[in-house]
There are 2 protein chains.
Amino acid sequence: MKTRREGDMEIIELLKSRRTIRRFRQRRVSDAELRKIFDCVRFASCAANMQRLRYMAVRSPELVRALFDTTGWGAMVRPNRTPEWGRTAPLCFVAVTGPADAALALEADAGAAIQTLEYAAWSLGIGCCWIGSFDREHCRELLKLPKDRRVLYLVAVGYPAESPVAEDASGSVRYYLDDADVLHVPKLTADDLVSWM
Amino acid sequence: MKTRREGDMEIIELLKSRRTIRRFRQRRVSDAELRKIFDCVRFASCAANMQRLRYMAVRSPELVRALFDTTGWGAMVRPNRTPEWGRTAPLCFVAVTGPADAALALEADAGAAIQTLEYAAWSLGIGCCWIGSFDREHCRELLKLPKDRRVLYLVAVGYPAESPVAEDASGSVRYYLDDADVLHVPKLTADDLVSWM
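None of the values given here were measured: they were computed from a predicted structure.

Considerations on the relation of the copies chain A and chain B
Link 1 in the chain: Of the two same-sequence chains, chain A is brought onto chain B (RMSD 0.0 Å, axial shift 0.0 Å) by a rotation of 180°. Such a combination of rotation and displacement between the chain copies is what one expects of a two-fold axis.
Link 2 in the chain: The residues that chain A uses at the interface reappear at the interface of chain B in 100% of cases, marking a shared surface.

What to know about the packing of aromatic side chains
Residues and elements named next belong to chain B.
Link 1 in the chain: Throughout the structure, instances matching the rule amount to 13 aromatic pairs over all chains.
Link 2 in the chain: Here Phe24 and Trp73 contribute two aromatic rings whose centre-to-centre distance is 6.5 Å and whose plane-to-plane angle is 75°, an arrangement assigned as edge-to-face. Here the residue Phe24 occupies a position in the loop between helix H1 (9-17) and helix H2 (31-41), and Trp73 occupies one in the loop between helix H3 (61-68) and strand S2 (93-99), the gap between them amounting to 49 residues. The pair Phe24 / Trp73 is uniform in exposure class, with both members buried.

Points about the pairing of strand S7 (residues 183-187) of chain A
All names here are of chain A.
Link 1 in the chain: With 5 of 5 residues buried, S7 is to be regarded as a mostly interior element.
Link 2 in the chain: On S7, burial covers both faces: Leu183, Val185 and Lys187 on one face and His184 and Pro186 on the other are all buried.
Link 3 in the chain: The sheet contact formed by strand S5 (residues 165-168) and S7 spans 4 bridges and is parallel. Following the sheet pairing, Ala166 is matched in S7 by Val185.
Link 4 in the chain: Bridge count for strand S6 (residues 176-177) against S7 is 2 bridges, and the pairing is antiparallel. Its bridge partner being in S7, Tyr176 is matched across the sheet by His184.
Link 5 in the chain: The antiparallel hairpin formed by S6 and S7 contains 5 residues in its connecting segment, where Asp181 sits at a positive phi of about 65°.

A few points about the side chain of B:Gln115
Link 1 in the chain: Topologically, B:Gln115 is positioned in helix H4 (residues 105-123).
Link 2 in the chain: Exposure remark for B:Gln115: the relative accessible area of 0% places this residue in the buried category.
Link 3 in the chain: A distance of 3.0 Å separates the side chain of B:Gln115 from the backbone nitrogen of A:Ser45, its partner in a polar contact.

Describing the nonpolar core
Link 1 in the chain: Ranked by size, the top nonpolar core spans 128 residues in total, and within it A:Tyr55, A:Phe93, A:Val157, B:Tyr55, B:Phe93 and B:Val157 carry the most contacts.
Link 2 in the chain: With residues up to four places along the chain from it excluded, the contact list for B:Val157 reads B:Phe24, B:Val29, B:Leu34, B:Pro90, B:Leu91, B:Cys92, B:Val94, B:Leu117, B:Ile126, B:Gly127 and B:Cys128.

How each quantity is defined
- Residues numbered from 1 in each chain as written.
- Chains lettered and ligands numbered in written order.
- Predicted model: local features only at pLDDT ≥ 70, side-chain atom pairs only at ≥ 80, totals over all residues.
- Heavy atoms only, no water.
- Least-squares fit on C-alpha atoms with pLDDT ≥ 70 in both.
- Contact = heavy atoms within 4.5 Å.
- Phe/Tyr/Trp six-rings, centres within 6.5 Å; stacked < 30°, edge-to-face > 60°.
- Helix = DSSP H or I, 4+ residues; strand = E, 2+ residues; numbered from the N terminus.
- Buried < 20%, exposed > 50% of the residue type's maximum accessible area, 1.4 Å probe, protein only.
- Pairing = 2+ DSSP bridges.
- Polar contact = N/O pair within 3.5 Å; in protein donor to acceptor, adjacent residues only side chain to side chain.
- Core = buried A, V, L, I, M, F, W, Y, C linked by side-chain atoms within 4.5 Å.

What follows is the structure, given as structure tokens:
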């Protein structure tokens, strides 16, 4: 079983170090990099191997702008982490789409696929923001999807222009900006999260 | 930004090579390994950093057996990939739990967390089967969870006793066993999955 690798701490480090990015450099992610990322996403876990999700890689500036205008960002740190168009906004969105009538399990599939997208991107120096706050119906129309399809999530994809840090949570999990405008993300520890039986 | 790593093909390879495992060696995953895995899961993406999921690491043989008896495995390859208790069944389950009244977004959180769990495990030579087919209400009782909590998913965790292979899908995405009892998992290609705009 040569494909598995014993005790690879580099991978563990990647899984721990990836953070959500809400400020992007104004440098394009190439189609070649996006293809590398999608070539991982296609192997993400999904219910019964049905592979019902589809992806739209949106790079056209007009359409990125139109999608961007429907999105809400980092509710706890407004307006500092609401990107500015032309300065810190993403130059690419990935729209994650699926059948409009799909069951709950498709949400879990989307979570697994987006998590894979984020790790693949991060390994290439690319950051993501998984966006759940946007006008789904308007985005469906912008993307010219038929009514039997829906946009589950948008993911902003680009080179990071910030370096958020995770820290052990003590009480609140509310993320915040410090005096140097660095985003801090409190994370519960394994002791907080896991019961052993 | 030292935590990101440019063009790391080892990570890309891990993301592509991980497969679902349905036959397990009868060797325990240590608590130390499980802790390493949960120490990645705690950093998984989640909506608004709310971290509402909790995990139960079930290793007690009686409880693993009781959970196992409520599960359904690999519908397309029955009975060959239904593990046998005492021979190929997992020795550990992770139960992913959350508030019973939570919104749809918690399903996506669970997808991201389980995908992270699977990658962390795989990097340590440990395989998983993400299980959606089980008696949720009976498992809630077995785990002594109050009625305001629910079990979203079970994940079987253990050392692999099979080596499934992925292949490019041509038409059907139905997984199958070949004459040598190897599981083949057809995956759509990036060309099938992505539109470029």
